[in-house]
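Results of the structural survey
What follows is each chain in one-letter form.
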Amino acid sequence: MPVSVDSSRIVYDALKACGVELVSALPETWLVHLIRMADDDPEMILVRLAKEEEGVGLSAGAHFAGKRSAMLMQNHGFLASINGIVSGAQLFRIPLLMLVSDRGTFGEPDPWQTEGGLVTEHVLHALRIPFERLDTREQVAPRVAKAMTLAHASNRPAALLLGRDLMWEEGA
Amino acid sequence: MRRLEALQAIYPELERRVVVTIMGAVAAELQSLGHRPGFFYLQHAMGIASSIGLGIALCRPELEVVVLDGDGSVLMNMGGLTTMGRYRPPNLTHVVFDNESLLSVGGFPTATSAGSDLAAVAAASGIPATERVSDVDAFADAFNRALASDRLTTIVAKVDAHYEAPARTKGFVTDLGLLENRFQFARHLRSLVEER
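This write-up is about the structure you can find in this document.

Thresholds, definitions, all that
- Residues numbered from 1 in each chain as written.
- Chains lettered and ligands numbered in written order.
- Predicted model: local features only at pLDDT ≥ 70, side-chain atom pairs only at ≥ 80, totals over all residues.
- Heavy atoms only, no water.
- Bend = angle between axes of the 7 residues up to and from the residue.
- Helix = DSSP H or I, 4+ residues; strand = E, 2+ residues; numbered from the N terminus.
- Buried < 20%, exposed > 50% of the residue type's maximum accessible area, 1.4 Å probe, protein only.
- Contact = heavy atoms within 4.5 Å.
- Salt bridge = Lys/Arg side-chain N within 4 Å of Asp/Glu carboxyl O.
- Axes fitted to C-alpha atoms, helices over the stretch in contact; angles between N-to-C directions.
- Parallel < 35°, antiparallel > 145°, perpendicular 65-115°, else oblique.
- Left-handed = near helix turned anticlockwise from the far one by under 90°.
- Nonpolar A, V, L, I, M, F, W, Y, C, P; charged D, E, K, R; others polar.

1. Some details on helix α6 (residues 114–126) of chain A
A turn of α-helix holds 3.6 residues, and therefore any two residues three or four places apart point the same way. Residues and elements named next belong to chain A. At threonine 120, α6 shows its maximal bend, which comes to roughly 35°. Every buried residue of α6 is accounted for by Gly116, Gly117, Thr120, Val123 and Leu124. Where α6 is buried, its residues meet α4 (75–80), α5 (82–90), β5 (131–134) and β6 (157–162). Looking one or two residues past α6, arginine 128 carries a phi angle of roughly 55°, positive in sign.

This is how it looks when you write it as structure tokens:
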């Protein structure tokens, strides 16, 4: 599977470096290595979800309990979480770090991913969720750290879009 | 059984614990019995109160966490029961007040009024202990058994679809601000961690 193990390791290390102790996740192709890394890490609490919106609750609970967390999901999972984000994380001012694999962009071979790719950034803008893209390995550590800092300073969500050029090693 | 009477019966135990409730009647009635800094009322985001309780329970195994849920909320996040059943933290007790309706928006009947059985769903989702009760004494017994056990328990308590706004409460809106509650709760949990 051409999902990049090396890039996944860099992303995982960046999460660890900014103090993440709980990761909630719903598997998707680009996230498989990240989820395995969380599963193999005895210091990480990994919560495998049935639907992504639960992850907003898990992260709120972790925050109340004094732990930093991150949600790992596909952009369609982000779209499925919106009420939890708006009337949970935003209404109650929860710092929420979201790592969203940005499927359906240039190079996407799967027809079913293509609508989500068109709307993800627009929905983030509409929700006033600050976000940056992670397209190169050099961007990962500083942007993850800065997103975490902003999420905690603002007590609001912040998102990072995992791009194809970072996560996928074969040219499409 | 009246939900308020059920809450009264377990209030002395709730007072000493970390409690996450759903919005509406449960939140207003628990506040009417006396707000405590360990009580958080999720006044929206229907469905994920149980996910918040799960997050706290997994992150702080030394804390005893109670979630006061409802049939409408559980039906919106039924997959969440399978997540609870999967991780089954022993320090979590999950109460579902089932009035078979969406009371705060006009009392429209939910699927539990037509036979959907949330205790059976919880059991089939892997929650290790489930109870189904319909009077106050049985509810208090089930709740105390759940606290004494070291197993995640879901208690489905059948209650009347009845609500009378308590004093100082307008409809379902109390005089405790959402964010005041949220920051007080977080600070309280931090103090519990620091005590240890």
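Continuing now.
2. Structural notes on the pattern of salt bridges
All chains considered together, the criterion is met by 24 salt bridges over all chains. Note that lysine 16 of chain A and glutamate 43 of chain A form a salt bridge whose closest N and O atoms lie 3.4 Å from each other. Placement of the pair is lysine 16 of chain A in helix α1 (residues 5–17) and glutamate 43 of chain A in the loop between α2 (32–40) and β2 (45–48), with a sequence separation of 27 residues. Using a relative accessible area of 29% as the deciding quantity, one classes lysine 16 of chain A as partly exposed. Given a relative accessible area of 62%, glutamate 43 of chain A falls into the exposed group. Arginine 17 of chain B is the partner of glutamate 13 of chain B in a salt bridge, and the nearest nitrogen-oxygen pair spans 2.8 Å. Note on glutamate 13 of chain B: relative accessible area 21%, which makes it partly exposed. Several salt bridges converge on common partners, so that one network encompasses Glu28, Arg103, Glu108, Asp110 and Arg164 of chain A.

3. Considering the packing of α1 of chain A against helix α7 (residues 137–154) of chain A
Any two packed helices are characterised by how steeply their axes cross, that is the angle between the axes, and by the distance between the axes. All names here are of chain A. Direction vectors running N to C along α1 and α7 enclose 15°, while the axes themselves pass 9 Å from each other. It follows from the interaxial angle that α1 and α7 lie roughly parallel. Note on packing geometry: the crossing formed by α1 with α7 is right-handed. On α7, the residues that touch Asp6, Ser7, Ile10, Val11, Ala14 and Leu15 of α1 are Arg137, Val140, Ala141 and Val144. The class makeup of the residues in the contact of α1 with α7 is 7 nonpolar, 1 polar and 2 charged.

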